[in-house]
Amino acid sequence: MTQSYYEASARERLAAVLDPSSFQEILPPSARVTSPHLRQLDTPAAFDDGIIVGEGRLDGQPVLAAAQEGGFMGGAVGEVHGAKLVGLLERALDTRPTAVLLLVESGGVRLHEANAGLIAVSEVMRAVLAVRGAGIPVIVLDGGQFGCFGGMGIVARLCDTVIISEEGRLGLSGPEVIETTCGVEEFDSRDRALVWRTVGGKHRTLLGEAGELVADATAAFRAAAIRALALTPDLSLEALEREHAALGQRIERFGDCHDAVDIWRALGIEAPERLPLLEAADFNTITAGKRA
Amino acid sequence: METLKFEYRGGRPCNPAQASALAGVVGSGNLEILVEQEPLNGACAVEVVTAAVGFGAIWQAVLDDFFARHPLADVRISINDVGATPAVVSLRLDQAVNAFLGGTA
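Residues numbered from 1 in each chain as written. Chains lettered and ligands numbered in written order. Predicted model: local features only at pLDDT ≥ 70, side-chain atom pairs only at ≥ 80, totals over all residues. Heavy atoms only, no water.

Formally: UniProt positions are given in the numbering used here, feature names are shortened, and annotations may be inferred rather than shown by experiment.
An unreviewed UniProt entry lists chain B under the name Malonate decarboxylase acyl carrier protein, from Insolitispirillum peregrinum. Its UniProt record, at the heading Subcellular location (unreviewed entry), says of chain B: "Cytoplasm".

The name that an unreviewed UniProt entry assigns to chain A is Malonate decarboxylase beta subunit, with the source organism given as Insolitispirillum peregrinum.

So, in C-alpha coordinates, the structure goes:
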(Lines give C-alpha, C1' and ligand atoms only; values in the text may rest on other atoms or scores of the structure.)
Protein backbone atom coordinates (compact mmCIF):
# COMPACT_ATOMS: atom_id res chain seq x y z
CA MET A 1 0.00 0.00 0.00
CA THR A 2 1.33 3.43 -0.82
CA GLN A 3 1.86 5.77 2.11
CA SER A 4 0.31 9.21 1.65
CA TYR A 5 2.83 12.01 2.14
CA TYR A 6 -0.05 14.42 2.82
CA GLU A 7 -1.42 12.33 5.68
CA ALA A 8 1.93 11.40 7.25
CA SER A 9 3.44 13.24 10.19
CA ALA A 10 6.77 15.05 9.81
CA ARG A 11 8.56 12.19 11.56
CA GLU A 12 6.90 9.58 9.33
CA ARG A 13 7.89 11.59 6.23
CA LEU A 14 11.55 11.72 7.25
CA ALA A 15 11.59 8.00 7.99
CA ALA A 16 10.04 7.20 4.60
CA VAL A 17 12.03 9.64 2.43
CA LEU A 18 15.51 8.92 3.83
CA ASP A 19 17.26 5.55 3.74
CA PRO A 20 15.73 3.22 6.37
CA SER A 21 16.96 3.84 9.93
CA SER A 22 19.61 6.31 8.71
CA PHE A 23 18.22 9.43 10.38
CA GLN A 24 19.97 10.80 13.47
CA GLU A 25 18.04 13.64 15.06
CA ILE A 26 19.79 16.71 16.46
CA LEU A 27 18.08 18.28 19.49
CA PRO A 28 15.44 15.52 19.77
CA PRO A 29 12.29 15.93 21.90
CA SER A 30 14.15 14.63 24.97
CA ALA A 31 16.42 17.73 24.76
CA ARG A 32 13.30 19.82 25.46
CA VAL A 33 14.43 22.86 23.50
CA THR A 34 11.00 24.47 23.51
CA SER A 35 9.60 27.91 22.73
CA PRO A 36 10.20 30.43 25.53
CA HIS A 37 7.32 32.57 24.21
CA LEU A 38 4.38 30.16 24.12
CA ARG A 39 4.37 29.44 27.85
CA GLN A 40 4.15 33.17 28.55
CA LEU A 41 1.06 33.20 26.32
CA ASP A 42 -0.39 30.25 28.24
CA THR A 43 -0.14 28.05 25.16
CA PRO A 44 1.24 24.48 25.16
CA ALA A 45 4.68 24.07 23.62
CA ALA A 46 6.02 21.09 21.66
CA PHE A 47 9.21 19.31 22.76
CA ASP A 48 10.70 19.77 19.28
CA ASP A 49 9.05 23.17 18.58
CA GLY A 50 7.41 21.68 15.50
CA ILE A 51 10.55 20.88 13.53
CA ILE A 52 12.78 17.83 13.33
CA VAL A 53 16.38 18.38 12.17
CA GLY A 54 19.22 15.94 11.73
CA GLU A 55 21.41 13.98 9.38
CA GLY A 56 20.86 10.83 7.43
CA ARG A 57 21.39 9.19 4.07
CA LEU A 58 19.51 9.38 0.79
CA ASP A 59 20.37 6.67 -1.75
CA GLY A 60 23.54 6.15 0.30
CA GLN A 61 24.58 9.82 0.09
CA PRO A 62 25.02 11.86 3.29
CA VAL A 63 22.34 14.55 3.62
CA LEU A 64 21.05 16.95 6.22
CA ALA A 65 17.28 17.12 6.56
CA ALA A 66 14.59 19.11 8.32
CA ALA A 67 10.86 18.41 8.51
CA GLN A 68 8.20 20.85 9.72
CA GLU A 69 5.17 19.43 11.56
CA GLY A 70 2.03 21.16 10.32
CA GLY A 71 -0.02 19.67 13.13
CA PHE A 72 1.75 21.96 15.61
CA MET A 73 0.63 25.55 15.00
CA GLY A 74 0.45 24.99 11.24
CA GLY A 75 4.21 24.46 11.05
CA ALA A 76 4.69 28.14 11.83
CA VAL A 77 8.23 29.37 12.38
CA GLY A 78 8.98 30.55 15.91
CA GLU A 79 12.31 31.56 17.37
CA VAL A 80 13.49 28.06 18.35
CA HIS A 81 11.98 26.43 15.26
CA GLY A 82 13.83 28.91 13.04
CA ALA A 83 17.07 28.59 15.00
CA LYS A 84 17.03 24.80 14.56
CA LEU A 85 16.63 25.28 10.80
CA VAL A 86 19.39 27.91 10.62
CA GLY A 87 21.67 25.72 12.72
CA LEU A 88 21.10 22.78 10.38
CA LEU A 89 21.85 24.88 7.30
CA GLU A 90 25.01 26.31 8.89
CA ARG A 91 26.08 22.78 9.82
CA ALA A 92 26.01 21.96 6.11
CA LEU A 93 28.80 24.51 5.57
CA ASP A 94 30.96 22.49 8.01
CA THR A 95 30.01 18.90 7.17
CA ARG A 96 29.43 19.43 3.40
CA PRO A 97 26.67 16.88 2.79
CA THR A 98 25.57 15.95 -0.73
CA ALA A 99 22.40 18.04 -0.20
CA VAL A 100 20.09 19.57 2.37
CA LEU A 101 16.45 18.45 2.23
CA LEU A 102 13.71 20.71 3.59
CA LEU A 103 10.40 18.86 4.11
CA VAL A 104 8.39 22.06 4.44
CA GLU A 105 4.88 22.44 5.84
CA SER A 106 4.28 25.91 7.19
CA GLY A 107 1.92 28.85 7.20
CA GLY A 108 4.93 31.13 7.67
CA VAL A 109 5.96 33.15 10.70
CA ARG A 110 4.47 32.12 14.05
CA LEU A 111 2.60 35.29 14.89
CA HIS A 112 2.66 34.48 18.62
CA GLU A 113 6.37 35.14 18.51
CA ALA A 114 6.13 38.24 16.32
CA ASN A 115 9.51 39.83 15.67
CA ALA A 116 11.47 36.80 16.88
CA GLY A 117 9.70 34.70 14.25
CA LEU A 118 10.23 37.27 11.51
CA ILE A 119 13.94 37.52 12.33
CA ALA A 120 14.17 33.72 12.38
CA VAL A 121 12.72 33.48 8.85
CA SER A 122 15.12 36.13 7.53
CA GLU A 123 18.02 34.18 9.06
CA VAL A 124 16.77 31.01 7.37
CA MET A 125 16.75 32.84 4.01
CA ARG A 126 20.32 34.04 4.46
CA ALA A 127 21.45 30.57 5.54
CA VAL A 128 19.81 28.90 2.50
CA LEU A 129 21.66 31.24 0.16
CA ALA A 130 24.96 30.64 2.00
CA VAL A 131 24.56 26.87 1.59
CA ARG A 132 23.68 27.19 -2.10
CA GLY A 133 26.62 29.54 -2.56
CA ALA A 134 28.89 26.85 -1.12
CA GLY A 135 27.73 24.50 -3.89
CA ILE A 136 25.47 22.34 -1.74
CA PRO A 137 21.96 21.97 -3.25
CA VAL A 138 18.97 22.73 -1.03
CA ILE A 139 15.96 20.62 -2.09
CA VAL A 140 12.40 21.40 -0.94
CA LEU A 141 9.68 18.75 -0.59
CA ASP A 142 6.18 20.29 -0.39
CA GLY A 143 3.21 17.97 0.03
CA GLY A 144 1.80 18.52 3.49
CA GLN A 145 -1.69 19.50 4.63
CA PHE A 146 -0.79 23.11 5.37
CA GLY A 147 1.24 23.74 2.21
CA CYS A 148 4.04 26.30 2.29
CA PHE A 149 3.16 29.96 2.67
CA GLY A 150 4.35 33.28 4.00
CA GLY A 151 8.04 33.53 4.81
CA MET A 152 8.50 29.81 4.18
CA GLY A 153 7.01 30.29 0.70
CA ILE A 154 9.85 32.72 0.01
CA VAL A 155 12.38 30.34 1.56
CA ALA A 156 11.17 27.54 -0.71
CA ARG A 157 11.67 29.68 -3.82
CA LEU A 158 15.20 30.58 -2.68
CA CYS A 159 16.16 26.92 -2.83
CA ASP A 160 17.49 24.97 -5.81
CA THR A 161 14.31 23.06 -6.56
CA VAL A 162 10.86 22.33 -5.19
CA ILE A 163 9.38 18.84 -5.44
CA ILE A 164 5.61 19.17 -5.03
CA SER A 165 2.41 17.15 -5.13
CA GLU A 166 -0.90 18.57 -6.34
CA GLU A 167 -2.05 18.68 -2.71
CA GLY A 168 1.12 20.50 -1.70
CA ARG A 169 0.53 24.20 -2.10
CA LEU A 170 3.01 27.01 -2.45
CA GLY A 171 2.48 30.73 -2.23
CA LEU A 172 3.02 33.93 -0.32
CA SER A 173 -0.38 34.93 1.09
CA GLY A 174 -2.56 31.89 1.68
CA PRO A 175 -6.12 31.72 0.33
CA GLU A 176 -7.71 32.70 3.65
CA VAL A 177 -5.44 35.73 3.95
CA ILE A 178 -6.30 36.88 0.41
CA GLU A 179 -10.01 36.48 1.06
CA THR A 180 -9.78 38.36 4.36
CA THR A 181 -7.86 41.30 2.94
CA CYS A 182 -9.33 41.54 -0.59
CA GLY A 183 -12.81 40.05 -0.23
CA VAL A 184 -14.50 36.83 -1.26
CA GLU A 185 -15.11 38.21 -4.77
CA GLU A 186 -11.34 38.32 -5.27
CA PHE A 187 -10.68 34.85 -3.89
CA ASP A 188 -13.07 32.33 -2.31
CA SER A 189 -10.86 30.31 0.04
CA ARG A 190 -13.59 27.69 0.50
CA ASP A 191 -13.64 26.89 -3.22
CA ARG A 192 -11.25 23.94 -3.04
CA ALA A 193 -10.97 23.52 -6.81
CA LEU A 194 -10.06 27.20 -7.17
CA VAL A 195 -7.53 26.98 -4.33
CA TRP A 196 -5.79 23.91 -5.78
CA ARG A 197 -5.62 25.17 -9.34
CA THR A 198 -4.23 28.50 -8.13
CA VAL A 199 -1.74 27.56 -5.40
CA GLY A 200 -1.58 23.78 -5.90
CA GLY A 201 1.37 21.80 -7.16
CA LYS A 202 0.25 21.45 -10.78
CA HIS A 203 -0.01 25.19 -11.35
CA ARG A 204 3.28 25.83 -9.52
CA THR A 205 4.95 23.27 -11.76
CA LEU A 206 3.49 24.77 -14.97
CA LEU A 207 4.68 28.22 -13.91
CA GLY A 208 8.17 26.81 -13.42
CA GLU A 209 8.19 27.52 -9.70
CA ALA A 210 8.32 23.83 -8.78
CA GLY A 211 10.79 21.55 -10.50
CA GLU A 212 8.78 18.34 -10.46
CA LEU A 213 5.20 17.26 -9.79
CA VAL A 214 4.90 13.92 -8.01
CA ALA A 215 2.03 11.76 -6.78
CA ASP A 216 0.98 12.03 -3.13
CA ALA A 217 3.16 9.13 -1.96
CA THR A 218 6.22 9.13 0.27
CA ALA A 219 7.96 6.78 -2.21
CA ALA A 220 7.35 9.26 -5.05
CA PHE A 221 8.86 12.11 -3.03
CA ARG A 222 11.84 9.92 -2.15
CA ALA A 223 12.44 8.97 -5.78
CA ALA A 224 12.23 12.62 -6.88
CA ALA A 225 14.60 13.71 -4.10
CA ILE A 226 17.12 11.11 -5.25
CA ARG A 227 16.85 12.46 -8.82
CA ALA A 228 17.36 15.99 -7.48
CA LEU A 229 20.70 14.99 -5.91
CA ALA A 230 22.12 15.06 -9.44
CA LEU A 231 21.16 18.70 -10.04
CA THR A 232 23.96 21.07 -10.93
CA PRO A 233 22.42 24.51 -10.45
CA ASP A 234 23.69 27.42 -12.54
CA LEU A 235 24.32 30.21 -10.04
CA SER A 236 25.98 32.59 -12.51
CA LEU A 237 24.90 36.23 -12.82
CA GLU A 238 23.76 35.50 -16.38
CA ALA A 239 21.45 32.73 -15.17
CA LEU A 240 20.05 35.04 -12.49
CA GLU A 241 19.38 37.77 -15.05
CA ARG A 242 17.66 35.26 -17.36
CA GLU A 243 15.42 34.25 -14.47
CA HIS A 244 14.56 37.87 -13.74
CA ALA A 245 13.78 38.50 -17.39
CA ALA A 246 11.53 35.41 -17.49
CA LEU A 247 9.65 36.63 -14.42
CA GLY A 248 9.21 40.03 -16.05
CA GLN A 249 7.82 38.38 -19.20
CA ARG A 250 5.45 36.30 -17.12
CA ILE A 251 3.30 39.27 -16.17
CA GLU A 252 3.29 40.41 -19.82
CA ARG A 253 2.29 36.95 -21.07
CA PHE A 254 -0.32 36.14 -18.44
CA GLY A 255 -1.30 39.46 -16.87
CA ASP A 256 -4.72 39.41 -18.56
CA CYS A 257 -5.59 35.88 -17.42
CA HIS A 258 -8.32 35.69 -14.80
CA ASP A 259 -7.89 32.05 -13.88
CA ALA A 260 -5.11 29.48 -13.85
CA VAL A 261 -6.93 27.60 -16.65
CA ASP A 262 -6.49 30.66 -18.91
CA ILE A 263 -2.73 30.50 -18.28
CA TRP A 264 -2.62 26.77 -19.08
CA ARG A 265 -4.45 27.46 -22.35
CA ALA A 266 -1.98 30.26 -23.12
CA LEU A 267 0.85 27.78 -22.56
CA GLY A 268 -0.56 25.75 -25.45
CA ILE A 269 -2.07 22.91 -23.44
CA GLU A 270 -5.10 21.35 -25.13
CA ALA A 271 -8.28 21.00 -23.04
CA PRO A 272 -6.61 22.59 -20.01
CA GLU A 273 -9.73 22.17 -17.85
CA ARG A 274 -8.95 18.45 -17.53
CA LEU A 275 -5.56 19.02 -15.84
CA PRO A 276 -6.85 18.97 -12.25
CA LEU A 277 -8.26 15.47 -12.81
CA LEU A 278 -5.04 13.92 -14.10
CA GLU A 279 -2.72 11.65 -12.15
CA ALA A 280 0.82 13.03 -11.75
CA ALA A 281 2.34 10.77 -14.44
CA ASP A 282 -0.29 11.69 -17.08
CA PHE A 283 -0.03 15.35 -16.13
CA ASN A 284 3.75 15.29 -16.60
CA THR A 285 3.43 13.60 -20.00
CA ILE A 286 0.79 16.00 -21.31
CA THR A 287 2.50 19.17 -20.07
CA ALA A 288 6.08 18.22 -20.96
CA GLY A 289 7.74 21.08 -22.83
CA LYS A 290 4.81 23.42 -22.17
CA ARG A 291 5.92 25.07 -18.95
CA ALA A 292 6.38 28.79 -18.50
CA MET B 1 -2.92 26.12 31.15
CA GLU B 2 -2.54 23.68 33.96
CA THR B 3 0.35 21.44 35.01
CA LEU B 4 -0.57 18.13 36.67
CA LYS B 5 1.86 15.69 38.26
CA PHE B 6 1.27 12.03 39.03
CA GLU B 7 3.52 9.33 40.45
CA TYR B 8 2.98 5.57 40.38
CA ARG B 9 4.84 2.94 42.38
CA GLY B 10 4.94 -0.83 42.25
CA GLY B 11 5.82 -1.07 38.56
CA ARG B 12 8.22 -3.55 37.01
CA PRO B 13 11.63 -2.65 35.60
CA CYS B 14 11.54 -2.66 31.80
CA ASN B 15 14.10 -3.18 29.06
CA PRO B 16 13.29 -0.49 26.49
CA ALA B 17 14.32 -0.70 22.87
CA GLN B 18 15.25 2.99 22.91
CA ALA B 19 16.07 5.54 25.62
CA SER B 20 13.05 7.65 24.67
CA ALA B 21 10.02 7.53 22.39
CA LEU B 22 7.53 10.13 21.20
CA ALA B 23 3.94 9.74 20.02
CA GLY B 24 1.43 12.31 18.81
CA VAL B 25 1.54 15.99 17.89
CA VAL B 26 0.66 19.12 19.89
CA GLY B 27 -2.44 20.05 17.87
CA SER B 28 -6.07 20.74 18.68
CA GLY B 29 -7.70 17.65 20.19
CA ASN B 30 -4.35 15.91 20.17
CA LEU B 31 -1.29 15.65 22.39
CA GLU B 32 2.34 14.55 22.38
CA ILE B 33 3.71 12.00 24.81
CA LEU B 34 7.41 11.57 25.51
CA VAL B 35 8.40 8.37 27.33
CA GLU B 36 11.94 8.22 28.75
CA GLN B 37 13.94 5.78 30.85
CA GLU B 38 15.22 7.49 34.01
CA PRO B 39 16.31 6.26 37.46
CA LEU B 40 13.39 7.31 39.70
CA ASN B 41 13.77 4.82 42.58
CA GLY B 42 11.30 2.54 40.85
CA ALA B 43 8.66 5.21 40.25
CA CYS B 44 6.78 6.09 37.08
CA ALA B 45 6.47 9.88 37.02
CA VAL B 46 3.93 11.61 34.78
CA GLU B 47 3.77 15.35 34.10
CA VAL B 48 0.91 16.74 32.07
CA VAL B 49 0.87 20.29 30.67
CA THR B 50 -2.62 20.85 29.32
CA ALA B 51 -4.49 23.71 27.73
CA ALA B 52 -7.76 22.41 29.21
CA VAL B 53 -8.03 23.49 32.86
CA GLY B 54 -10.01 21.55 35.48
CA PHE B 55 -9.80 17.96 34.21
CA GLY B 56 -7.42 16.57 36.87
CA ALA B 57 -9.80 13.82 37.97
CA ILE B 58 -10.19 12.55 34.41
CA TRP B 59 -6.41 12.55 33.87
CA GLN B 60 -6.09 10.56 37.11
CA ALA B 61 -8.59 7.96 35.86
CA VAL B 62 -6.98 7.64 32.40
CA LEU B 63 -3.48 7.33 33.88
CA ASP B 64 -4.63 4.83 36.55
CA ASP B 65 -6.03 2.70 33.74
CA PHE B 66 -2.81 3.07 31.74
CA PHE B 67 -0.61 2.07 34.69
CA ALA B 68 -2.79 -0.96 35.36
CA ARG B 69 -2.07 -2.10 31.78
CA HIS B 70 1.60 -0.98 31.70
CA PRO B 71 3.12 -1.00 35.21
CA LEU B 72 6.47 0.59 34.33
CA ALA B 73 9.25 1.44 36.78
CA ASP B 74 11.95 4.10 36.35
CA VAL B 75 10.11 5.79 33.51
CA ARG B 76 9.29 9.47 33.02
CA ILE B 77 6.22 10.33 30.92
CA SER B 78 5.89 13.96 29.77
CA ILE B 79 2.74 15.17 28.05
CA ASN B 80 1.85 18.36 26.15
CA ASP B 81 -1.91 18.37 25.61
CA VAL B 82 -4.32 20.53 23.61
CA GLY B 83 -7.60 19.10 24.81
CA ALA B 84 -7.33 15.48 23.65
CA THR B 85 -10.24 13.26 24.69
CA PRO B 86 -9.57 10.39 27.14
CA ALA B 87 -9.73 7.82 24.33
CA VAL B 88 -7.10 9.70 22.32
CA VAL B 89 -4.90 10.02 25.41
CA SER B 90 -5.10 6.25 26.04
CA LEU B 91 -4.31 5.51 22.38
CA ARG B 92 -1.26 7.81 22.35
CA LEU B 93 0.00 6.38 25.67
CA ASP B 94 -0.15 2.88 24.19
CA GLN B 95 1.57 4.05 20.97
CA ALA B 96 4.36 5.78 22.92
CA VAL B 97 4.96 2.80 25.22
CA ASN B 98 4.90 0.33 22.31
CA ALA B 99 7.55 2.38 20.49
CA PHE B 100 9.55 2.71 23.72
CA LEU B 101 9.52 -1.02 24.45
CA GLY B 102 10.19 -1.99 20.85
CA GLY B 103 6.81 -3.01 19.50
CA THR B 104 5.23 -1.19 16.61
CA ALA B 105 4.02 2.37 17.07
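## Quick word on the overall build of chain B
Our working definition: Here a helix means four or more residues in a row that DSSP labels H or I, a strand means two or more in a row labelled E, and each is numbered from the N terminus. For a compact globule the rule gives 2.2 Å times the number of residues to the power 0.38, and the radius of gyration it is set against comes from C-alpha atoms. In what follows, residue pairs with any heavy atoms lying within 4.5 Å of each other are defined as contacts. Per-residue and other accessible areas follow the Shrake-Rupley method at a 1.4 Å probe size, with only the shown protein chains counted as cover for residues. We score Asp and Glu as negative and Lys and Arg as positive, and we do not count His or the chain ends. The location of each charge is read from NZ of Lys, CZ of Arg, CG of Asp or CD of Glu.
The secondary structure content of chain B amounts to two helices and five strands. Sequence-ordered secondary structure for chain B, helices as α and strands as β, is β-β-β-β-α-β-α. The C-alpha atoms of chain B give 13 Å as radius of gyration, which agrees with the globular expectation for 105 residues (13 Å, within 12%). On the principal axes, the C-alpha backbone points of chain B span a range of 35 × 25 × 20 Å. Here the contacts in chain B between residues at least 6 apart in sequence split such that 82% fall between residues at least 24 apart. Entry remark: accessible area of chain B is about 4,700 Å², with carbon and sulfur atoms responsible for 52%. Distance from the positive charge centre (6 side chains) to the negative charge centre (11 side chains) of chain B: 4 Å.

## Thoughts on unusual backbone geometry
Most peptide bonds adopt trans geometry, and most residues besides glycine take a negative phi value. Residues and elements named next belong to chain A. For clarity, the cut-off: Residue exposure (1.4 Å probe, protein chains only): buried if accessible area is under 20% of the type maximum, exposed if over 50%, otherwise partly exposed.
In this model, Asp49 sits at a positive phi of 55°, which is unusual for a non-glycine residue. Take Asp49: it is sitting in the loop between β1 (24–26) and β2 (51–58). A residue is classified by how much of its surface remains accessible, and Asp49, at 0% relative accessible area, is buried. Despite not being glycine, Met73 has its phi angle at roughly 55°, a positive value. With respect to the element layout, Met73 can be found in the loop between β3 (61–68) and α2 (79–95).

## Quick look at the UniProt feature "domain: CoA carboxyltransferase N-terminal" (unreviewed entry) in chain A
UniProt records the feature "domain: CoA carboxyltransferase N-terminal" (unreviewed entry) at residues 1–237 of chain A, using the numbering of this structure. Measuring from the first to the last C-alpha atom of residues 1–237 of chain A gives 46 Å, for a span that is 37% helix and 16% strand.

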